[in-house]
Every structure is written in C-alpha cells, then in structure tokens.
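The lines below spell out each chain.
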2 protein chains.
Amino acid sequence: MKLANYFPILDWGRKYRGETFVNDAVAALIVTIMLIPQSLAYALLAGLPPQIGLYASILPLIVYAVFGTSRTLAVGPVAILSLMTAAAAGKIAAAGSPEYIQAALILAFLSGAILFGLGLLRMGFLANFLSHPVISGFITASGLIIAASQLKHIIGVPASGHNLFEIIYELITHLSAVNLPTLAIGLSSLVFLFWVRSQLKPLLKTFGLGDKIATIIARAGPVFAVVLSIVVVAMLRLDEAGVKILRDVPTELPSLGVPGFNRDVWMQLFGSAALISLIGFVESVSVAKTLAAKRRQKVDPNQELIALGASSLAAGVSSGYPVTGGLARSAVNFDAGAETPAAGAFTAVGIALATLFLTPYLYFLPQAVLAATIIVAVLSLVDIQAIKTVWAYSKSDFLAMAATILMTLGFGVELGVLTGVGLSLFLHLYNTSTPHFAFVGQVPGTQHFRNVDRHAVVTSERVVTLRVDESLYFANARFLEDTVDAVVASKPEMKHLILMFPAVNRVDASGLESLEAINLRLKDAGVSLHLSEVKGPVMDRFQTTHFLEDLTGKVYLHQYEAMEDLDPRIARGTARRGEPGASEDGTPNFTI
Amino acid sequence: MKLANYFPILDWGRKYRGETFVNDAVAALIVTIMLIPQSLAYALLAGLPPQIGLYASILPLIVYAVFGTSRTLAVGPVAILSLMTAAAAGKIAAAGSPEYIQAALILAFLSGAILFGLGLLRMGFLANFLSHPVISGFITASGLIIAASQLKHIIGVPASGHNLFEIIYELITHLSAVNLPTLAIGLSSLVFLFWVRSQLKPLLKTFGLGDKIATIIARAGPVFAVVLSIVVVAMLRLDEAGVKILRDVPTELPSLGVPGFNRDVWMQLFGSAALISLIGFVESVSVAKTLAAKRRQKVDPNQELIALGASSLAAGVSSGYPVTGGLARSAVNFDAGAETPAAGAFTAVGIALATLFLTPYLYFLPQAVLAATIIVAVLSLVDIQAIKTVWAYSKSDFLAMAATILMTLGFGVELGVLTGVGLSLFLHLYNTSTPHFAFVGQVPGTQHFRNVDRHAVVTSERVVTLRVDESLYFANARFLEDTVDAVVASKPEMKHLILMFPAVNRVDASGLESLEAINLRLKDAGVSLHLSEVKGPVMDRFQTTHFLEDLTGKVYLHQYEAMEDLDPRIARGTARRGEPGASEDGTPNFTI
C-alpha cells in the first residue's frame, strides 16, 4: 500500500486489461502526432536545437507513467517553461552554444531535483506562494512575450530581446530586412491555424462528426500546416530564397548521463530552476485536477511533486530540458480516451520512433510554420478577461497581477514572478493588518448582537463590546491594541470591555502578548476586560498560559450571558429610552 | 485641528500652567541626573566618543517635545540601538575613527528620514512585520551580547567581537592580561549596582520613604557609583595603574549640519538604518503605550513615527547617533511626575548645561563603572521567562524566536532580525496554508451543527457539510481544493456539498478562483455546491463576479435551512436509525 503511494503504476498496472491498452494506444497515437511539431517548436522557442524538444518528450513521459497520479496528464515541453529556460540559460551563454544547451540540461536536472525533494518533504504548500492573480498575470504576459518573439520567424528577421519592448524595437528596426517568401509562409500558416482553431470544429460537426473527433482533428491543425509547408518549400526550393528551414535533425536517440557539475554555473541557475519548478508544478497540477474531477478521480499534489520531479530529472539525464504537464496536450489525451498513464509511455515510444525514422522528412519544414503554431498556441494563454474579473473583485489582487504583468513584460519572466510573489505577500499582510472590528449592540428583544453601524441595536455606556472579525497574529495584533487604546480614551464611562471572538480562529504569541498588554492597560485605566464566544482551539491555547488567570474579567460562552451578567437592565431590555438606565451616573445608557 | 495633529505641542502647550511647569522641571532634573552617565555609557557601547552620547540627548529631546504624542516618553540613546549602530558602522570603518563617527551620524539621519517618511505615508503597519517573539528574542540576545561585550571593560582587556562567541573567545584568550585595579573597580561597581537594583528600594521603604521616591533614588544608583569611583580614582591616581578613564570630554555644544553625502556609504547603511528605525520604533511605542494607558491617554503610532523620525533626524544634524524612547528612563520620568513633553525639553537643557560645565569633573570617571551600569541595565532586558512562555504557547512562534536568538548571538544583530522576520512570515503562511476544516452534522433535536469528530451528531450521506474555519486566500485556497477533491473521491453517495462559511472573513481572488474550480469539478462529478452562513462583506464581493450565477447550488443564510431544503428527513429528525433515510438508494443515511 505504502509502496503503491510512491509508485501509482503498481496500483493501476495490476488491473491493466486489453481494452484499456487499445484506448491508451489510440490516445497515444493522436498525442504523438500533435507532439512532434510542438516539441520541435518549443525547442526553437527555448533557443535549443530541435532534437532537444524530441528528447524531452521520450524518457520524461515514461518516468511520469511510473510515478504520476493523474491518469491523463501529458508531460513534455511547454511554452512557458521554454521561455523561462531561454531567459535563464541566456544568462550563461549565447543561444544554441554548447554551454547554453548544457545550461538547459542543468535547469531540467535542478528543477527536477527541487520538485523531487519538495515531494519527499511533502512541501507542496510552497506552490501556494504563487497566488492565482500572479500566476494568471504571469502567463498572460509570458504569452505576449512569446508571441512577439516568434514574429521574427514569421517575417524572417533576426531579433533576440528578452522583454516585450526590446523585441518590438528590434522587429521595427529590422523591418526593412523582411524576407518575403518567409512572410508569405508565416502569414498564411497563421491565418490557416487561426481558422482551424476557431472554425474547423463547428464545420466538422456540421458534417456529422462527433464532438470529440471534431475536437481532436481541429487540434491536429498544426500537422496539416507542417505537411503542406514541407511540400511547398521542397518543391519550390524556397530555402534558397531565404526561408529558414529545419534542415538535418539527428536521427538518433538521446545519450544518457548526469550533466557535468560546475559549482558556479549550478549556483547561478539554482534560483531560475526553483522558479521553473514551481511554475511548472502549479500549472500541471491545475490541469491534472481539472481532468481528474471529470471522472471523479483524485490527484495527489505531493506525489505529483515527486512524479514531475522525476520527469524533469529524466529530462536532465537524457539530453532534454525542463518539462511539465501541458494543458492542450493533456486535454487531447483525455478526449482521445486515454485511461491510464500508460498512454504517456506509448507516446514516448511514438516520439522515439519519430526521432529515428521521421525526422529526415522534416528537412524542409520552415521555421515560420513552427513559429505560427507557437503564436496560435500561446495567444490562447493570454487571458484579458481574467484581468477584468480580478479588477472588479479585488483591487489589491489586481495590483499584484498588474505588477506581475508589467514587470514580466518590461524586465523578463524571473523578475516578473518574484515581484508578484513579493507584492502579494506584502499586500496580504497589509490587508490583514487592519482587520475588521465592529462595535456590537443587542438587537432589542433578542439574544443577538450586531454591528452598531448596520443595525438598530441597544448598547450600554458602561459595557462596550468589540467584535474581532479576524484571527489575531503578529501583523494585526498591534492594530487591536491601537483600537482598544482609542476606545479607552474616547469612552470615559466605560467600566467593562468585552472582546467578542466568534471569528477568531487562532491567536499567535504576538496576539496573546497584545491581549495581555490590553488587559494590563485596561486594568490601569480601571476597566475590566472580558472575552466572549472564544473558540475551542483558541481557548485550549490560552489555558497553557497565565493569561486567563491574569484576566481582570471573565470568559463567557455566549455574548448574551456576558451582557446579562455585566449590565442586566440592558440585556433584559428593562431600561427604557429617556429613563436612567443601568449606568451609574444616571445618563441614558443606550442608543438605538 | 489638523495642524495640532502634526504638532501636538500646539495642543498641550495652549493649556500649559505654572503647576505643570514645576512638575515637569522636577522630573527633568531627575532624568538629567540619570541620563548623564547613561548617555556616556551608551556612546562607549556604540564605539563612539562619550560626547556623542550627550549630543544625542539634547536636540532630539527638544524635537520630540514638539512632535511627540506621548506625554512621558524620554527619548535619547538606548542600549539596543547603540549595539546596532556599532554593528552597522563597524562595517564601514574602525570604531572611533572619523569615518565611523560619520557613519553613526548618517545612520541617525537615514533612520530618522525613514521613520519620518513612513509617518507621512501612514505606513506604521510595517512595524507589524516584527512579531513579538522575534522582538523579544532579539532583545534578549542583544542584551547577552552587550553584557558580554562590556566584560572587557570590567576586567580591563581589549576585545572587539560582534557576536557572542567571538567576544567570549577574545575574553578568554586575553584573560592573562587582566588589569587588577580595573577588575576591582568593575566588580565592586557591579555588586553595588545589583544591590541597589534589588535591595535599595525595599530598604528605603522600611525607612519610611514613599514608593515613588524610593524607586527614583534606587534608579539613581549609577550616579552614586559614578561619583564615588571618580573620587577614588582621582585620589589614588589609579589611571596611572592602568585603569581606563574618560579623560577630557569637549565642553562645547554639538555643531549643526547635514552629514556629507557619499552615495556608496549611504546605500551601504540604508538597510541597517531601516532595521534600526523599525526596532527603535516598536520598542518606543510599546513603552509609550504602556505609560499612556496608566493615565487613560492615547499615543498615535503614526504621529510617533513622525516624532521619532524628527528626533533621529535632529540627532543626525547635531553630531549625535540614532535615538529612541528608552524604557527605564521613561518610567523614571513618569514616576517623577512629568506631565507633558516639556519635561523632555527641560532635560535637554540639563544635558546641555552638563556638557558645558560638568564634563571636566568626569575626567577620572573609570570606563569600568560605565560598563557596569550597562551590564546591570541590559541584563534586565534578558527575558528567559518569555522564552518559556512562548515555548508552552506555540511551537511555531518558539521556532521563530529561537532562530532569532541563535542567529543574533552567532551572526550579529542584523542577520538575527532578518532571519526572525523571514521565518515568522514563512511560518505564518505555512500555518494558515493548512487551515482547520471540519465535517459537521446536526445535533439531534436542535438547529445546531457541530464537528462530527467532537460531537454526537446526525449526518447525511447525500448531503455533506464542510465548515471552513479560516479566511480563504492564496496560501490556503489550494488546500480547500485538495480537501474537496478528497471528499468527492471518497464519498460516492454524495450529491450535495455545503461549504459552511461562518468564520470566513475574506476570500481573495485566489480563493474565488478555487471556489470556481471546485464548483466546476463538482459539476463534472454530478455534485451540487452550496454555501451557507456567508458573511456580508464576503457576499458583497461575490456579487461583483459570475460565481453566484455559475454556482450549481444555492447560498443559504443558515445551515439548518440548507439541510431542511436538501435533506429534510435528516434535518427534521424523522429518519430513524436502521431505517432507510432520505438517501435515494435506500441505504441508512446517518451516523451518530
């Protein structure tokens, strides 16, 4: 049982049947066809030779099949990690150089080791530091950068910027050097692929094809573009007219081996590898969960850390670069009927066969077509609606999102993510540092207590009740002190202060210290401090300290009990408007 | 009114009367007598010439009197900031060199500017990042380092380490060089001062003196030691026997002027200045609040930022070093009857007069006596009880505290504070990332719902209720997803899931995204998602989005309503044990 937790293959492998094999094999075939151009394109995006993309789609998939808890996740190279790899490896060496390829390999190995280690330590919660608006903003911004960076292949000019403004500037300054045959191929591919994506599926369905089949065929659009463009370029020898083509891709399987250790380079790449691993993990798990829920299956995030870690380690020892679960590819795998992770292993076999036997036929494949498939794929990642939603929902979250987008566009992926994470932490602490407190009064004739600002309630001048609407911890403990200080200074009649704790889920040591300070200061001011409706776990903690003994007042189970004890005429409603109530100096002691 | 907020002197100055003047003047006289040896001692601790301590006790006090909101806070040099100044300036130059003195001046100016700026921006909440266990641990560790560092003056050997282990090592290796007359003076001062601190006050009270007078005389113990030791050293010319004495202190007032700007040095000192300003602010405000509460007065933390900032700026333009409100000194000021900040201004006049006319008489003052006063003062900062309390109350807070203490002792004050702040943030996020969720059932015969693990309650197999006991935000949103995923996979009978939100005070955009994902996944799994007891502010936020429209179930005001609607036989208690209940397949649908 324990072993099967770490090797889910032992679980599903035991029940593997012939029917499942057929379904998995069909799905694998479809995913393989889709993955061949994708892996070549993403390798180019990462600044790597095309075969590296293929290599990253063989061993990692087999390893994921052994460790993965998602039945349908399709692992391999993805756009965002390719961009992040280019940014990180670009700091070490020039794109395409042996040192650069080595850096990409080290990134895979390191990010795999980081994920694997986090999985063993069950530290998956670290991914939570990436808030949703930060992830969403980061992906949108990355999609824009990727799309812009691929435009150079579409119009056939050189450019190499890592932020949006550099890229746009380079494109504009090189515009006179445009290669017309490349532009023709690039633009027509773009138009074709956008048409396939938006129009082909409905069209196929009007021809009577089922929804799933139509989806799969529409997803295979890039394959048609690839085949057609190879034929055209080869027949017209457009490569001699300046169209950049793929040329020879080595027809051999990846060599195995741990990347050479160079302390400086590994240290330099460690931070980037950590970011790559977290971003890859968050994206992959979200895809896996969505697909699993459709079949009431479960994905175990900590085991996913181990599985994705092992996959990236596998990429790192088999001449690959960082991999993770891809969104579109996994959806195709799911729709095509994959039932177990074996489909991924079969895909790996398909890619291995393609590497050995298919690549010679890709000699004339124009880079412009690969660039067009990337652009069409990543523009679907750009989610402007999410920005609007977050703006409407929470200005604070929007701030973190906007900062992530602008920093990513202007200063690159790493600074973008780090800014977003830092800012969302800061804003969270800022927001919870001034929590909602409400003065409450009794709803006449009931035992209910409500915010004096929102309801017609009865209050006492002698007994003031403050409801604390947030857990107390270091970031807001002093705000409670300040609030109580202000109450003491502004309500000279007050003899009792009740802090009402129904929404206080925890009180840390700073919160306790503040409560103790409040108790002492109120004592000096001649006011008793009481608590009401304290939750069990909070009360358990208080009992390990002297606080309850030192408390000048009592702890009441219910707020009504407290009022009945401390100001019974208010609590029972026997004080009347205009009549001297329970306050000692005879002033009316309630407001409605 | 607005102006008086920024210049509280306009408020209390208007009502200033003769009687108040007498009280303030008496308090100022007592504080001055206490402050003279203190300011000399703390300057030595900071590695600065003694007059710098006096200079830091003149202009800053006058400025605080103009801006401060505490009536009784006594501003000036304090032990912890002196140690932090030594650590920061020591990175720039050798102690006592002109560059070192300049660095201390820049630290005062920068930390003043930082506090002043934070005050104008009303960013006092930044101080909340320093949790109480971190502050408490930091002060305890600093107290130990300061005490150890002063031992060299007691035994008369050179030593200059910045962490506890360096200092102890240096003391031991220099032990053979001990100067016996110094040791005699140092030890007898220590014994005398400890005796004064612990025994003199009770003794004076048995002679019939009042509590306040006895307290004040006991606090003036260092003054007796100073006077006596000067007489002894001067008469026996012990300076010729190797006793280090104060010698000439310039009898002139500080020169005024902004410290010279050197970009590199200022940048290097900025981080240290930020730490100094935050630590100083937190300590000072805590003292000010405690004293204010005794008289039902109020301290405004944001105006205190401005006041303490202006004071440190004043130190920075008048040849001083960083200052803040001191604990012992403020307590003496309070006990001596100070009524307004004017007492501080009068103290400044006293120190100015002492600088001009008293310092020649301090020529023979042995450094060992000053060191002894420091040791006695800082050992009262060492709070071992607080460590035990935090250990008992919260292991997580203890971890942050222990890390702060060990890092401060082993690697110095700055790394100590930074480690503590980082770790407490991390642990807070970790702790709230796995919040408490409880499956709840109905208490039979009532409309109350309680945790199934703690109470005998009735539950339905078709309708599962999960109570969320924490606000939802990015660090815990995915944990809710994981929990719901596990519920879906483990309860095949479930048709409805109710998330009960009575303790959810806010839901950020990541939380909303997770709820939307949960809603969609449950829909795919054939389960409706409902919410109950959602708070007003949370509901207001939901209404800005599509979430409530997309929700497959309903939002119920009360949990009982939800059960009555979704599984009425359970809610009304008409299902009986062993009898097929409301579940559709006829299995018993409750557990008790």
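Residues numbered from 1 in each chain as written. Chains lettered and ligands numbered in written order. Predicted model: local features only at pLDDT ≥ 70, side-chain atom pairs only at ≥ 80, totals over all residues.

Asker: Account for the overall build of chain A, with residues named and values stated.
Answerer: The helix and strand inventory of chain A stands at 26 helices and eight strands. For 592 residues, the compact-globule estimate of 2.2 N^0.38 gives 25 Å, and the C-alpha radius of gyration of chain A, at 31 Å, exceeds that figure by more than 25%. With the C-alpha coordinates of chain A rotated into their principal frame, the extents come out at 105 × 60 × 60 Å. Burial status across chain A gives 56% buried among its 592 residues. A separation of at least 24 residues holds for 79% of the contacts in chain A among residues at least 6 apart in sequence. (Helix = DSSP H or I, 4+ residues; strand = E, 2+ residues; numbered from the N terminus. Rg over C-alpha atoms; globule rule 2.2 N^0.38 Å. Buried ≥ 20, exposed ≤ 12 C-beta atoms within 10 Å, placed from the backbone. Contact = placed C-beta atoms within 7 Å.)

Asker: Describe in detail the relation of the copies chain B and chain A, supporting the description with residues and values.
Answerer: Laying chain B over chain A is done by rotating through 180° and shifting 0.0 Å along the axis; what remains is an RMSD of 0.1 Å. The operation mapping one copy onto its partner corresponds to a two-fold rotation axis. Every residue of chain B has its C-alpha some distance from the rotation axis, and the shortest such distance is that of Ala503(B), at 2.4 Å. (Least-squares fit on C-alpha atoms with pLDDT ≥ 70 in both.)

Asker: Just give me the short version of the nonpolar core, but keep the residues and values in it.
Answerer: In this structure, Ala104(A), Leu107(A), Ala104(B) and Leu107(B) are the most contacted members of the largest nonpolar core, which totals 383 residues. Those residues in contact with Ala104(A) that sit more than four places away from it in its chain are Ala46(A), Leu48(A), Thr85(A), Ala89(A) and Tyr321(A). (Core = buried A, V, L, I, M, F, W, Y, C linked by C-beta atoms within 7 Å.)

Asker: Tell me about the interface of chain B and chain A, and please be specific about residues and values.
Answerer: Taken together, the contact pairs 50 residues of chain B with 50 residues of chain A. At the level of secondary structure, the elements contributing two or more residues to the side of chain B that touches chain A comprise helix H8 (132–155), helix H13 (263–294), helix H18 (384–393), helix H20 (413–433), helix H21 (474–490) and helix H22 (509–524) of chain B. Of all the elements, H21(B) adds the most residues to the side of chain B that touches chain A, at nine residues. Partitioned by chemical class, the residues of the side of chain B that touches chain A number 18 nonpolar, 16 polar and 16 charged. (Nonpolar A, V, L, I, M, F, W, Y, C, P; charged D, E, K, R; others polar.)

Asker: Help me get a handle on the domain arrangement of chain A, residues and values and all.
Answerer: How big an interface is tends to be stated in terms of the accessible area lost upon association of its parts. Segmentation of chain A into domains returns domain 1 (9–13 + 15–243 + 261–426) and domain 2 (437–571). Taking only C-alpha atoms into account, the centre of domain 1 of chain A sits 54 Å from that of domain 2 of chain A. (Domains from an automatic or database assignment.)

Asker: Before we move on, could you go through unusual backbone geometry and cite the residues and values that matter?
Answerer: Most peptide bonds take the trans configuration, and most residues that are not glycine carry a negative phi. All names here are of chain B. The backbone phi angle of Arg247 is positive, close to 60°, even though this residue is not glycine. Position of Arg247 relative to the elements: it lies in the loop between helix H12 (221–236) and H13. With a phi angle near 55°, Glu533 is a residue other than glycine that sits in the positive phi range. Mapped onto the elements, Glu533 comes out in the loop between strand S7 (528–532) and helix H23 (536–542). Since 21 C-beta atoms lie within 10 Å of it, Glu533 is described here as buried.

Asker: Which residues make up the sheet that holds strand S4 (residues 449–451) of chain B, and what are the values?
Answerer: Strand pairing in a sheet is mediated by backbone hydrogen bonds. Such pairs are either parallel or antiparallel. All names here are of chain B. A sheet is described by the order of its strands in space; here six strands give the open sequence S4-S3-S5-S6-S7-S8, paired in mixed fashion. The outermost strands of the open sheet, each flanked by one partner alone, are S4 and strand S8 (555–556). Note: strand S5 (residues 463–468) against strand S6 (residues 496–500), five bridges, orientation parallel. By the bridge assignment, Leu466 is partnered in S6 with Leu499. The strands touched by H21 within the sheet are strand S3 (437–442), S5 and S6, with S5 carrying the most contacts at an inclination of about 160°. (Pairing = 2+ DSSP bridges. Axes fitted to C-alpha atoms, helices over the stretch in contact; angles between N-to-C directions.)

Asker: Describe in detail helix H21 (residues 474–490) of chain A, supporting the description with residues and values.
Answerer: With 17 residues, H21(A) should cover 24 Å at 1.5 Å per step; its first-to-last C-alpha distance of 25 Å lies within 8% of that length. By the burial criterion, the buried members of H21(A) are Phe474(A), Ala475(A), Asn476(A), Ala477(A), Arg478(A), Phe479(A), Leu480(A), Glu481(A), Val484(A), Asp485(A) and Val488(A). (Expected span 1.5 Å × (residues − 1).)

Asker: For the sheet that holds strand S4 (residues 449–451) of chain A, give the residues involved together with the corresponding values.
Answerer: All names here are of chain A. With mixed pairing, the six strands of this open sheet are ordered in space as S4-S3-S5-S6-S7-S8. Edge strands, defined here as strands with exactly one partner in the open sheet, are S4 and strand S8 (555–556). Relative to S4, strand S3 (residues 437–442) runs antiparallel, the two sharing three bridges. Considered in S4, the bridge of Val440 is made with Asn451. Sheet strands touched by H21: S3, strand S5 (463–468) and strand S6 (496–500). Its angle to S5, the strand with the most contacts, is close to 160°.

Asker: Talk me through the packing of H21(A) against helix H22 (residues 509–524) of chain A; I want residue IDs and the actual numbers.
Answerer: Residue and element names in this part refer to chain A. Relative orientation of the contacting elements H21 and H22 amounts to 15°, with a least axis distance of 8 Å. On the basis of the axis angle, H21 is roughly parallel to H22. The two elements H21 and H22 meet at a crossing, and its hand is right-handed. Along its contact with H21, which presents Phe474, Ala477, Arg478, Leu480, Glu481, Val484 and Val488, the element H22 presents Ser510, Gly511, Ser514, Ala517, Ile518 and Leu522. Taken together, the residues that form the contact of H21 with H22 break down as eight nonpolar, three polar and two charged. (Parallel < 35°, antiparallel > 145°, perpendicular 65-115°, else oblique. Left-handed = near helix turned anticlockwise from the far one by under 90°.)

Asker: So what's going on with the environment of Asn476(B)? Which residues, and what values?
Answerer: Residue and element names in this part refer to chain B. Here Asn476 is to be found in helix H21. Linking Asn476 and Ser433, residues 43 residues apart in sequence, is a C-alpha distance of 4.1 Å. Not counting residues within four places of it along the chain, the set of residues in contact with Asn476 comprises Thr432, Ser433, Pro435 and Glu470.

Asker: Please provide a residue-by-residue account of the environment of Val287(B), values included.
Answerer: Residue and element names in this part refer to chain B. Topologically, Val287 is positioned in helix H13. Placed 76 residues apart in sequence, Val287 and Asp211 show a C-alpha to C-alpha distance of 21 Å. Excluding its chain neighbours within four sequence positions, the residues that come into contact with Val287 are Leu73, Gly325, Leu327 and Ser330.

Asker: So, the pairing of S3(A): which residues are in play, and what are the values?
Answerer: Residues and elements named next belong to chain A. As paired strands, S3 and S5 are joined by three bridges and run antiparallel to one another. Bridge pairing in S5 places Ala438 opposite Arg467. Following S3, the chain reverses through six residues before pairing antiparallel with S4; Gly445 in that reversal takes a positive phi of roughly 80°.

Asker: Just give me the short version of the environment of Asp469(B), but keep the residues and values in it.
Answerer: On the secondary structure map, Asp469(B) appears in the loop between S5 and H21. With 20 C-beta atoms counted inside 10 Å, the residue Asp469(B) sits in the buried group. When the C-alpha positions of Asp469(B) and Pro502(B) are compared, they lie 7.7 Å apart, and in sequence the two are 33 residues distant. Setting aside chain neighbours within four positions, we find Asp469(B) in contact with Asn505(A), Pro435(B), His436(B), Phe437(B), Ala438(B) and Ala503(B).

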